[in-house]
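This is what each chain is made of:
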Amino acid sequence: MQPDHDERRRYQRVAFEAKGRFLAPDGSEHPCSIRDMSLGGIAISSDAPMEIGAQIIVYFDEFGRFEGPVVRSFDGGFAIATAISGPRRERLSQRLEALARGEKIEVSARRAFARYAPGEAGLEESSVLILADGQSVPCRIIDMSLGGAQVAVENRPPIGTGVSIGRMTGRVVRHTEEGVGIQFTDVPERATAFSRPFG
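To keep things clear, this report deals only with the structure shown in the data block.

Conventions we followed
- Residues numbered from 1 in each chain as written.
- Predicted model: local features only at pLDDT ≥ 70, side-chain atom pairs only at ≥ 80, totals over all residues.
- Heavy atoms only, no water.
- Core = buried A, V, L, I, M, F, W, Y, C linked by side-chain atoms within 4.5 Å.
- Buried < 20%, exposed > 50% of the residue type's maximum accessible area, 1.4 Å probe, protein only.
- Helix = DSSP H or I, 4+ residues; strand = E, 2+ residues; numbered from the N terminus.
- Contact = heavy atoms within 4.5 Å.
- Pairing = 2+ DSSP bridges.
- Axes fitted to C-alpha atoms, helices over the stretch in contact; angles between N-to-C directions.
- Phe/Tyr/Trp six-rings, centres within 6.5 Å; stacked < 30°, edge-to-face > 60°.
- Lys NZ or Arg CZ within 6 Å of the ring centre and 35° of its normal.
- Salt bridge = Lys/Arg side-chain N within 4 Å of Asp/Glu carboxyl O.
- Expected span 1.5 Å × (residues − 1).

## Let's talk about the nonpolar core
Nonpolar side chains tend toward joint burial in soluble globular proteins.
Now for step 1: In terms of nonpolar packing, the biggest core is built from 26 residues, with Phe-16, Phe-22, Met-37, Ile-44, Phe-60, Phe-63 and Phe-66 touching the most fellow members.
Now for step 2: Elements with a contribution of two residues or more to this core: β3 (29-38), β4 (41-45), β5 (55-60), β6 (64-74), β7 (77-81) and α2 (86-100).
Now for step 3: The contact partners of Phe-60, leaving out residues within four places of it in the chain, are Ala-18, Lys-19, Gly-20, Cys-32, Ser-33, Ile-34, Ile-42, Ile-44 and Phe-66.
Now for step 4: Listed in part, the 16 residues of the second largest apolar core include Cys-139, Ala-149, Val-163 and Val-180.

## Observations concerning the sheet that holds strand β8 (residues 126-131)
Now for step 1: Ordered in space as β8-β9-β10-β13-β12-β11, the 6 strands form a closed barrel in which the pairing is antiparallel. Here the average twist between neighbouring strands, direction ignored, is 45°.
Now for step 2: The sheet contact formed by strand β11 (residues 162-165) and strand β12 (residues 168-175) spans 4 bridges and is antiparallel. Its bridge partner being in β12, Ser-164 is matched across the sheet by Thr-169.

## Considerations on the packing of aromatic side chains
Now for step 1: Per the counting criterion, the structure on display carries 1 aromatic pair.
Now for step 2: Each ring, one from Phe-22 and one from Phe-78, has its centre 5.4 Å from the other, and the planes form 80°; the classification is edge-to-face. Here Phe-78 lies in strand β7 and Phe-22 lies in strand β2 (residues 19-23), a separation of 56 residues in the sequence.
Now for step 3: Under the relative-accessibility criterion, Phe-22 is labelled buried at 0%.
Now for step 4: Here Arg-35 stacks its cationic end above the ring of Phe-74, 4.4 Å away from the centre of that ring.

## Observations concerning the pattern of salt bridges
Now for step 1: Summed over the entire model, instances satisfying the criterion amount to 5 salt bridges.
Now for step 2: In this structure, Glu-29 and Arg-21 form a salt bridge, with 2.5 Å as the shortest nitrogen-oxygen distance.
Now for step 3: In this structure Glu-29 comes out as partly exposed when scored by relative accessible area, which is 26%.
Now for step 4: Taking relative accessible area as the criterion, Arg-21 reaches 36% and is therefore assigned partly exposed.

## Let's talk about α2
Now for step 1: The end-to-end C-alpha separation of α2 is 22 Å, in line with the 21 Å expected for 15 residues at 1.5 Å each.
Now for step 2: Taken together, the buried positions of α2 are Arg-88, Arg-91, Leu-92, Ser-93, Leu-96, Ala-98 and Leu-99.
Now for step 3: Just past α2, the residue Gly-102 takes up positive phi, approximately 90°.

See below:
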């Protein structure tokens, strides 16, 4: 795998663990964790084997959403190549440098990083929350995962309320300072569908 070899020479790989989930091309969802990460790729520990070339989407709470092809496999996991640019690349570089120095990821830093996930993933931050009674409530997507999203909304619906956002449906599972946390009750069937989960 020459491209991966070149990538490893170009970017420093930082070993640490952060738990997450990934969506395989067949639509199945699997738990995983970071084995190491660089600006050009992520080595992922997982019990689910992936073929070289498989396109996957992965989400880590500390770092947000990534998408890329599997470029190599190893015992206990596989590695994907990623293409990150702009402000997110700079923040990731700073975070990896901090981890390389042995610093821990603070909660505030995780939240600040996650807030940029929707726009950086090609999703609109501004959206509309549709309540079970049909009422439309303007909202802003803070961050998203394979199983849910956090949205900023002025009037927070009660916990347990059924809601939809874009073409995803779910329910309110918690209140936050800025709005609500939503757990999706439907999951896209294929990874390509998850690329734009809010329509």
